Amino acid sequence: MTSFSSSRRDFLRKAACSSLAAASGSALLTQLSLMNSALAATSCASYPPVSDYRALVCLFLLGGNDSWNLLVPTDTARYNTYVTSRSGIINPAMPNNSGMAVDSSQLLPVNVLNAGSGHTYGVHPSCPELASLFNSGAGAFGVNIGTLLQPTTKTTYGNGSVPLPPQLFSHADQQGQWQYGQPTANGSTGWGGLMSDRLYVLNAGATIPMSISLSGQNRFQAGINVQPYSISGAGPIALGGYTGSAGTAKLNALEELLALSYPDPLSRTYASKVNNAIGYYNTMSSALAGAPTLNTVFPANNPVADALKMIAKVISVRGALQAKRQVFFVSYGSFDTHDTQVVGQPKLLSTISSALGAFYNATVELGVQNSVTSFTLSEFARTLNSNGDGTDHAWAGNQFVMGGSVKGQNIYGRPAVSGGLFPDQTLNGPDCLARGQMIPGASCDQYSATLARWLGLNDCDIATIFPYVNNFNSPTWDLGFMS
Amino acid sequence: MGLFVFHRARGLRAARRAHCCRAVALVVVCLGAAQAHAYDLIFSSGFEQVADAPTSDAEAARFLTMATFGPTPASIAQLRSVGYGQWIDQQLSMPTTPERPYVQALDAGVKNPGQADRMEAWFANAVTAPDQLRQRAAWALSQIMVASDQLGNLPEDPITLAEYNDILARDAFGWYDTGNQYHAGTYYNLLYDVSHSPAMGKMLTFIRNSKPNPVTGYSPDENYAREVMQLFSIGLIERNLDFSPQLDGGGQPIPTYTQATITANARVLTGLSYQSGWNSNPTGLNWSAADYLPLVCYEAYHDEGQKIVLDNQVVPGGANRCAPDIADLLQIIASHKNVAPFIARQLIERFTSSNPTPAYIQRVAEVFLNNGQGVYGDLGAVVKAVLTDPEAAYNAPPPPSPYVFGKAREPLLKLTALWRYYAAAAQNGLYSFNYPQGNYAQRPLGAPSVFNFYLPDYLPPGEMAQAGQYGPEFQVLNESSVVSTANDLTNRVNAYVGNPANTSATIAVDLSGLVALASNPTALVAQLNHDLLYGSMSSQMNTILVNLVTALPASNPTARVTGALQVLLASPEYAIQK
């Protein structure tokens, strides 16, 4: 086998492999401290130890959630505009030939404390839990948020006088930009991962990564050095067929194979994955064995609920894991409702609402509701008008944020051209294009950076990870929904 | 690498074959039998000298790892006998082993067919079909033009999805219809058939897509209008023939189209529905052949206006222009200069390498532009170029960094390679495996979205991302999936022929040839290296496995074999093909 260069990256990688092959916590500590020194150059802030616990839980709604049906203006004038722009009220008898507006009698009223004069709002009927969380002060909406490089209006969009995010309306690209923290085309990291690269030092003594994914690989949690640990809704998966004396011999052989120096990056990348699977499993499974009973009932047959319940369990053993800061990721979808939206959207929204409601209750049961903030992301919202049985890709939309530290019962964003936080939904009006593709008021990076700041990321690192956020600094990029 | 002896339980296999021929997979299995006969002849007459024949089993098996669902003793022998060129040409001309008749036969009289039957058909073909290269090409194309039973209304529709797989397999290399008329395997024909398939019509929601309705305010659906360009043909930015991005004066990539192009495409793609009527629903309890037959035009729903599409080309519209409008649009898309590098690069990724050099992509793209006889988009010629490129050749020098030859084996192909080499079969003649995605993160025509199981541009975080190296398959390799895949492979190995725990449905691997070597750890590991690692096992891995076999009790030869297999199948060297 050929030998490798002794670059820092290789050094770290080898350290990671050797420590995890040994599946020993002390070796992993060595790895983490090595990473710490390597990172000193990339973090512009220092992070002294903390005593409290905080976690962010990202729920990514894959496919582009039609969030203009999640939060709906219900005062007469704006509701009528909404209905017209959505090609009429949903016709349940003819779902393949239907407008997209939710019937006003079905909307769940929410009391928006900072609503404009005469403005009222309702939430989609499939989301009673979200409405209740909002009204109790534990939930808020970010409104009319999308990918932006700098403040943009319909006029400047149309005349090309401002730079625009590349590949608007494309799923993969817009997903990447929401998860990255900047609207650029390339790259592989995400703001959750880049944040974890800097904050994991707060988890002194931890032997598993700060980022935990319930949905496998994702850009949000990809850092330079810290990568997410993937578990399933059923927890970490044990390597089978390695028990007894023969099993020990086989496991030894496998670990020896994983510890070899491989000449190509693909083999090394695979080996480190299996190494991590074995090493992290031991840490996580022994911690979870001591988890307290969770009495909160989660909805059945709900993959988001399964994932959030496992997150609640992991949070419940944060002491054993020596975790002070954690970042969780769950994705769900498809929200790409080009067709059968009338049938599909209620199921999708009910799944996330019931799961988030149960998860919030679980954080209350565990006494960590003020320490855990959950939030949705989705690559874009959808056209307001109907394509007959669904809607197509658009731009800005609404997001839900939840937790005891959220300044709930309010909506947050940057004012649209029409004046308010909530945009004018007139097709081809001041705030949107011909099919109701909304021009964002606030950038998704403002929303994300507000969350990152709450978790403890220093403004100096925020400026690095979200390089465009200061374009929205008048008066401040912080959307203000975190206390 | 010397010649290895093929250990075969011929009697058992013949019995199984006879049994299978009574089952539904009549065509598949009997062709398999004919091939096995040819294999016997080759052995009786010895290897003949062919100019481009692999000089070792290792070289042949490596090629077959790239070109098929896994080498078998017979395919290694055949390739060594006829050489690469003839082997590929034979494969290109071999008729499609179809899925739809299999699923229909299983579902005859049921009227409520299930996806499990389609899974069974797919695995039967992957493991036993003689047209391996065609089936493998269909599998590759199914990851570019993605239709999925996990989405939309397709869960209820296994027959239209089976037909979709057959479309991909037929159009990959061309086919004769029942009237003995030949249909060339070209990119345009493929795109046309995909764009008229009910499966794709449902997947990307253009079935019953209607012209704009000024009364209701409805606009045409933009789903297929977008993805047919973004994912199936040209991608988001202008490309050179070697796939490198073309840049504008400011050094920025140049978008291939705008939102206006999407809106225009959407208007062109109006008017298609089932043959059984615009509003018909020939599925489920109403099941009829219209469920899978090509969609047809209904002029009343087609937008007759002029449409300005890609690169400002005009689709004229007018009365009775539905079918020609759509054909025009597909021809415009298929002719875009990006298609050759875009498709070439993804086929290279699927068959041989995640990080090809630009020169490799360009050589394949040039064949896409012209197969040597003036034909554009000849997919058989393109696949042949992918597989026979100097960069993919045995013992080719490694490409300059950051390019690196090789790819992660797709998780599901780890299983098919095991099954094929060890002649896996069930006593009931079926390949029942209903939920492969649970342990392998892959399901035939069952990706989580139109973006496939993974993206062609996926950069695995860490070392590879920092070097700018792609690894699509790594997008589904995480701490959960690598363990669940390893665990299932362990279970598959333990389902060996003769295990008393097997049921008639157990897909059992024939390990008898390996068990006969178990008393000799060196010979056993050498045979495993031959069978599954095309002779590429490192000396370090060899030592570790020989030590493992030696450490396992000689009194239980089967456990020695399954133990070594279990570790090998989880190893980095098995995970990466190169």
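Quantities reported herein were computed from a predicted structural model and do not represent experimental measurements. (Residues numbered from 1 in each chain as written. Chains lettered and ligands numbered in written order. Predicted model: local features only at pLDDT ≥ 70, side-chain atom pairs only at ≥ 80, totals over all residues.)

Colleague: Help me out: how do you make sense of the overall build of chain B in this one?
Modeller: Of regular secondary structure, chain B possesses 25 helices and eight strands. When burial is assessed residue by residue, chain B has 59% of its 578 residues classed as buried. For chain B, the share of sequence-separated contacts (at least 6 apart) that also reach a separation of at least 24 residues comes to 70%. (Helix = DSSP H or I, 4+ residues; strand = E, 2+ residues; numbered from the N terminus. Buried ≥ 20, exposed ≤ 12 C-beta atoms within 10 Å, placed from the backbone. Contact = placed C-beta atoms within 7 Å.)

Colleague: When you look at the overall build of chain A in this model, what are you seeing that I'm missing?
Modeller: Secondary structure summary: chain A contains 14 helices and twelve strands in total. For 483 residues, the compact-globule formula gives about 23 Å, and the C-alpha radius of gyration of chain A, at 23 Å, lands near that figure. Counting only C-alpha atoms, chain A reaches 70 × 50 × 40 Å along its principal axes. Pairs at least 24 apart in sequence give 74% of the contacts found in chain A among residues at least 6 apart. (Rg over C-alpha atoms; globule rule 2.2 N^0.38 Å.)

Colleague: Help me understand helix 13 (residues 322–334) of chain B, please; the structure alone is not making it clear to me.
Modeller: Think of an α-helix as turning once every 3.6 residues; residues three or four places apart then point the same way. All names here are of chain B. Along its 13 residues, helix 13 runs 18 Å from first to last C-alpha, staying within 8% of the 18 Å computed at 1.5 Å per residue. Within helix 13 the residues assigned to the buried category are Cys 322, Asp 325, Ile 326, Leu 329, Leu 330, Ile 333 and Ala 334. Projected down its long axis, helix 13 shows its buried positions confined to an angular sector of 165°, all on one face. (Expected span 1.5 Å × (residues − 1). Arc of directions from axis to C-beta.)

Colleague: Would you explain the domain arrangement of chain B in this entry?
Modeller: Size of an interface, as often reported, equals the accessible area lost when the parts are brought together. All names here are of chain B. According to the domain assignment, chain B contains domain 1 (2–185), domain 2 (204–334) and domain 3 (339–392). Between domain 2 and domain 3, the residue contacts involve ten residues of the former and twelve residues of the latter. Partitioned by chemical class, the residues of the side of domain 2 that touches domain 3 number four nonpolar, four polar and two charged. (Domains from an automatic or database assignment. Nonpolar A, V, L, I, M, F, W, Y, C, P; charged D, E, K, R; others polar.)

Colleague: Looking at this model, I keep getting lost on helix 15 (residues 358–369) of chain B. Mind explaining?
Modeller: All names here are of chain B. Between its terminal C-alpha atoms helix 15 stretches 16 Å, which fits the 16 Å expected from twelve residues at 1.5 Å a residue. Buried residues of helix 15: Tyr 360, Ile 361, Gln 362, Val 364, Ala 365, Val 367 and Phe 368, and no others. Residues of helix 15 that are buried in the fold lie against helix 14 (339–351) and helix 16 (379–388).

Colleague: Is there a simple way to explain the interface of chain A and chain B in this structure?
Modeller: Taken together, the contact pairs 60 residues of chain A with 66 residues of chain B. Those elements that place two or more of their residues in the side of chain A that touches chain B are helix 1 (8–21), helix 6 (171–180), strand 7 (229–230), helix 8 (244–259) and helix 9 (265–289) of chain A. A total of twelve residues in the side of chain A that touches chain B trace back to one element, the largest contributor, which is helix 9 of chain A. For the side of chain A that touches chain B, a count of residues per class yields 25 nonpolar, 25 polar and ten charged.

Colleague: Could you clarify how one ought to interpret the environment of A:Cys58 in this entry?
Modeller: All names here are of chain A. Mapped onto the fold, Cys 58 is located in strand 1 (residues 54–61). In this structure Cys 58 comes out as buried when scored by C-beta crowding, with 27 C-beta atoms within 10 Å. Here the alpha-carbon distance between Cys 58 and Gln 221, two residues 163 residues apart in the chain, equals 9.8 Å. The residues contacting Cys 58, other than those within four sequence positions of it, are Gly 192, Phe 220, Phe 328, Phe 329, Phe 375 and Leu 377.

Colleague: What should I look at first to understand the sheet that holds strand 2 (residues 71–73) of chain A in this one?
Modeller: Across a sheet, paired strands are connected by hydrogen bonds in the backbone, their directions being either parallel or antiparallel. Residues and elements named next belong to chain A. Ordered by their spatial adjacency, three strands build an open sheet running 2-4-3, and the pairing between neighbours is antiparallel. Single-partner strands in this sheet number two, and they are strand 2 and strand 3 (108–110). Each strand of the sheet is rotated relative to its neighbour by a mean of 40°, with strand direction disregarded. Seen against the sheet, helix 4 (residues 128–135) touches strand 3 and strand 4 (121–123) and runs at an angle of roughly 20° to strand 3. (Pairing = 2+ DSSP bridges. Axes fitted to C-alpha atoms, helices over the stretch in contact; angles between N-to-C directions.)

Colleague: Would you explain unusual backbone geometry in this entry?
Modeller: With glycine set apart, most residues show a phi of negative sign, and most peptide bonds adopt trans. Following A:Ser474, the chain continues into A:Pro475 via a peptide bond in cis, with omega recorded as 5°. With respect to the helices and strands, the residue A:Pro475 is situated in the segment after helix 14 (459–465). In this structure, B:Pro402 follows B:Ser401 across a cis peptide bond, with omega equal to 5°. Examined against the element boundaries, B:Pro402 turns out to sit in the loop between helix 16 and strand 7 (407–408). Unlike most non-glycine residues, A:Asn428 shows phi in positive territory, near 60°. Tracing the backbone through its elements, the reader meets A:Asn428 in the loop between strand 11 (411–412) and strand 12 (442–443). Backbone geometry at B:Phe243 places phi at a positive 80°, although glycine is not the residue there. As for its placement among the helices and strands, B:Phe243 is situated in the loop between helix 11 (223–230) and helix 12 (259–268).

Colleague: Hey, could you run me through the packing of helix 14 of chain B against helix 15 of chain B in this one?
Modeller: The relative placement of two packed helices comes down to the angle between their axes together with the axis-to-axis distance. Residues and elements named next belong to chain B. Close contact between helix 14 and helix 15 brings their axes to 8 Å; oriented N to C, the two are set at 120°. Taken together, the axes of helix 14 and helix 15 lie oblique to each other. At the point where helix 14 passes helix 15, the crossing takes the right-handed sense. Between helix 14 and helix 15, the contacting residues are Ala 340, Pro 341, Ile 343, Ala 344, Arg 345 and Ile 348 on the first element and Tyr 360, Ile 361, Val 364, Ala 365, Phe 368 and Leu 369 on the second. A class-by-class count of the residues in the contact of helix 14 with helix 15 yields eleven nonpolar, no polar and one charged. (Parallel < 35°, antiparallel > 145°, perpendicular 65-115°, else oblique. Left-handed = near helix turned anticlockwise from the far one by under 90°.)

Colleague: Help me understand the nonpolar core, please; the structure alone is not making it clear to me.
Modeller: Most often, soluble globular proteins keep nonpolar side chains buried together rather than apart. Counting 312 residues, the largest nonpolar core has B:Val364, B:Val382 and B:Ala564 as its most contacted members. Setting aside chain neighbours within four positions, we find B:Ala564 in contact with B:Leu524, B:Val525, B:Leu528, B:Leu545, B:Leu548 and B:Val549. (Core = buried A, V, L, I, M, F, W, Y, C linked by C-beta atoms within 7 Å.)

Colleague: Any chance you could explain the confidence of the model for chain A here in plain terms?
Modeller: In the predicted model, chain A carries a mean pLDDT of 91, and 92% of its residues have values of at least 70. Below pLDDT 50 for its whole length, residues 1–41 of chain A participates in 52 contacts with residues either more than four positions away or in separate chains. (pLDDT = per-residue confidence, 0-100.)

Colleague: When you look at the environment of B:Val339 in this model, what are you seeing that I'm missing?
Modeller: By secondary structure assignment, the location of B:Val339 is in helix 14. Not counting chain neighbours up to four residues away, the residues in contact with B:Val339 comprise B:Tyr187, B:Ser233, B:Ile234 and B:Ala334.

Colleague: Before we go on, may I ask you to explain the packing of helix 9 (residues 187–195) of chain B against helix 13 of chain B in this structure?
Modeller: Residues and elements named next belong to chain B. Between helix 9 and helix 13, whose axes approach to 10 Å, the crossing angle comes to 135°. Comparing their axes, helix 13 and helix 9 come out oblique. At the point where helix 9 passes helix 13, the crossing takes the right-handed sense. Counted together, Tyr 187, Tyr 188, Leu 191, Tyr 192 and Ser 195 of helix 9 and Ala 327, Leu 330, Gln 331, Ile 333 and Ala 334 of helix 13 form the full contact between these two elements. In the contact of helix 9 with helix 13, the residues fall into eight nonpolar, two polar and no charged.

Colleague: What should I look at first to understand the pairing of strand 8 (residues 325–332) of chain A in this one?
Modeller: For a regular strand, side chains alternate in direction, first toward one face of the sheet and then toward the other. Residue and element names in this part refer to chain A. With respect to burial, strand 8 is a largely interior element, eight of its eight residues being buried. By the alternation rule, side chains of strand 8 split into Arg 325, Val 327, Phe 329 and Ser 331 and Gln 326, Phe 328, Val 330 and Tyr 332, which are all buried. Where strand 1 lies against strand 8, eight bridges are found, and the strand directions are parallel. Residue Cys 58 lies in a different strand from strand 8, and its bridge partner there is Phe 329. With three bridges connecting them, strand 6 (residues 211–213) and strand 8 associate as parallel partners. Its bridge partner lying in strand 8, Ile 212 is registered against Phe 328.

Colleague: Which parts of the structure should I look at to understand the pairing of strand 1 of chain A?
Modeller: Residues and elements named next belong to chain A. In terms of residue burial, strand 1 counts as a mostly covered element, since eight of its eight residues are buried. Here strand 1 shows two buried faces, one formed by Arg 54, Leu 56, Cys 58 and Phe 60 and the other by Ala 55, Val 57, Leu 59 and Leu 61. Pairing analysis gives six bridges linking strand 1 to strand 9 (residues 372–377), with the strands arranged parallel. Following the sheet pairing, Ala 55 is matched in strand 9 by Val 372.

Colleague: Before we go on, may I ask you to explain the confidence of the model for chain B in this structure?
Modeller: Parts of the prediction with low pLDDT should not have their coordinates interpreted in detail. Residues and elements named next belong to chain B. Mean pLDDT over chain B stands at 91; residues scoring 70 or higher make up 90%. Contacts for the low-pLDDT stretch residues 1–47, under 50 throughout, to residues beyond four places or in other chains number 62 contacts. We note a pTM of 0.91 for the whole complex and an ipTM of 0.91 for its interfaces.

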